[in-house]
Amino acid sequence: KAGVTQTPRYLIKTRGQQVTLSCSPISGHRSVSWYQQTPGQGLQFLFEYFSETQRNKGNFPGRFSGRQFSNSRSEMNVSTLELGDSALYLCASSLDPGLAGEQYFGPGTRLTVT
Amino acid sequence: QQQVKQSPQSLIVQKGGISIINCAYENTAFDYFPWYQQFPGKGPALLIAIRPDVSEKKEGRFTISFNKSAKQFSLHIMDSQPGDSATYFCAASMRTGGSYIPTFGRGTSLIVHP
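Each value, and the rule that gives it
- Residues numbered from 1 in each chain as written.
- Chains lettered and ligands numbered in written order.
- Predicted model: local features only at pLDDT ≥ 70, side-chain atom pairs only at ≥ 80, totals over all residues.
- Heavy atoms only, no water.
- Pairing = 2+ DSSP bridges.
- Helix = DSSP H or I, 4+ residues; strand = E, 2+ residues; numbered from the N terminus.
- Axes fitted to C-alpha atoms, helices over the stretch in contact; angles between N-to-C directions.
- Contact = heavy atoms within 4.5 Å.
- Buried area = accessible area lost by both parts, 1.4 Å probe.
- Salt bridge = Lys/Arg side-chain N within 4 Å of Asp/Glu carboxyl O.
- Polar contact = N/O pair within 3.5 Å; in protein donor to acceptor, adjacent residues only side chain to side chain.
- Nonpolar A, V, L, I, M, F, W, Y, C, P; charged D, E, K, R; others polar.

Asks: Help me understand the sheet that holds strand 6 (residues 56-59) of chain B in this model?
Replies: In sheet architecture, strand pairing relies on hydrogen bonds along the backbone and comes in two forms, parallel and antiparallel. Residues and elements named next belong to chain B. Ordered by their spatial adjacency, 5 strands build an open sheet running 1-3-8-7-6, and the pairing between neighbours is antiparallel. What marks the edges here is a single partner per strand, and that holds for strand 1 (4-7) and strand 6. Strand-to-strand, the axes of this sheet are offset by a mean angle of 15°, without reference to chain direction. Both strand 6 and strand 7 (residues 62-67) contribute to a ladder of 4 bridges, which runs antiparallel. Note on strand 7: the bridge partner recorded for Lys-57 is Ile-64.

Written as structure tokens, this is what we have:
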């Protein structure tokens with residue numbers, strides 16, 4: 001079974017631009033979560049989608065948004081990019097998010113904002 | 001406010017030695033405590049996890065010790081190998097909105113010298 005895939009793997013954007021990142025979960029998984037990983041703040045939860053509905057949201061500004069499609073694929077969007085948005089963005093999928101320990105992470109998208 | 005504190009930030013051990021990473025949490029509502037292992041260019045992967053009703057869990061060379069009264073837990077890697085060189089994250093989870101959402105520690109970079 002294929003793992004979680006994220007595209008693109010690397011991205012360079014300019015401050016003020018917007019960016020869209022994509023995540024394809026493991027087949028059959030209906031929950032997708034997004035995390036931001038930086039050296040200074042570590043791994044921080046952005047949001048979680050289950051059956052196309054946002055169920056949980058982390059403490060990030062409204063510039064960060066996401067959505068999930070009927071095939072469980074998810075996208076996250078960051079508008080008006082800031083230098084501090086440079087990070088590794090990780091996506092994780094779950095078959096049953098109500099069960100602990102069920103998250104499987106993708107390799108991430110490395111975003112660099114210049 | 002950092003809900004999960006992890007130490008040390010980096011750790012160097014010799015092959016065959018014991019690696020010990022410590023974490024402390026604040027919220028007593030957490031009821032699931034996983035450890036993740038992350039290699040460069042990869043997403044975190046669940047290594048071992050424990051529930052608060054158990055004081056110790058062992059899987060191969062990896063052991064979690066849990067002290068509920070002190071709100072602390074630790075990862076012990078016995079007979080550390082160069083292949084264990086990676087970044088380790090502790091996390092604390094609880095069900096929120098129907099899903100387990102982990103709060104991560106800042107990570108420990110482990111280097112095992114051959």
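Asks: It is not clear to me how the environment of B:Phe104 should be interpreted in this structure. Could you clarify?
Replies: When you line up the elements, B:Phe104 lands in strand 10 (residues 99-104). For the pair B:Phe104 and B:Gln3, spaced 101 residues apart in sequence, the C-alpha separation works out to 8.3 Å. Among residues more than four places away in sequence, those in contact with B:Phe104 are A:Tyr35, A:Leu43, A:Phe105, B:Val4, B:Tyr36, B:Phe89, B:Cys90 and B:Ala91.

Asks: How should the interface of chain B and chain A be read in this particular structure?
Replies: Often, the extent of an interface is quoted as the loss of accessible area upon association of its parts. Between chain B and chain A, the contact holds 20 residues from the first and 22 residues from the second. For the chain B and chain A pair, buried surface summed over both sides reaches about 1700 Å², with 54% attributable to carbon and sulfur atoms. A per-residue breakdown of the area chain B buries against chain A is headed by B:Ile101, B:Phe104 and B:Arg106, which together make up 27% of the total. Counting across the chain B and chain A interface gives 0 salt bridges. Inspection of the chain B/chain A interface yields 9 residue pairs in polar contact (both at pLDDT 80 or more). Of all the secondary structure elements, the ones that give two or more residues to the side of chain B that touches chain A are strand 4 (33-38), strand 9 (86-96) and strand 10 of chain B. With 5 residues, strand 10 of chain B is the single largest residue contributor to the side of chain B that touches chain A. Per-class residue counts for the side of chain B that touches chain A are 9 nonpolar, 7 polar and 4 charged.

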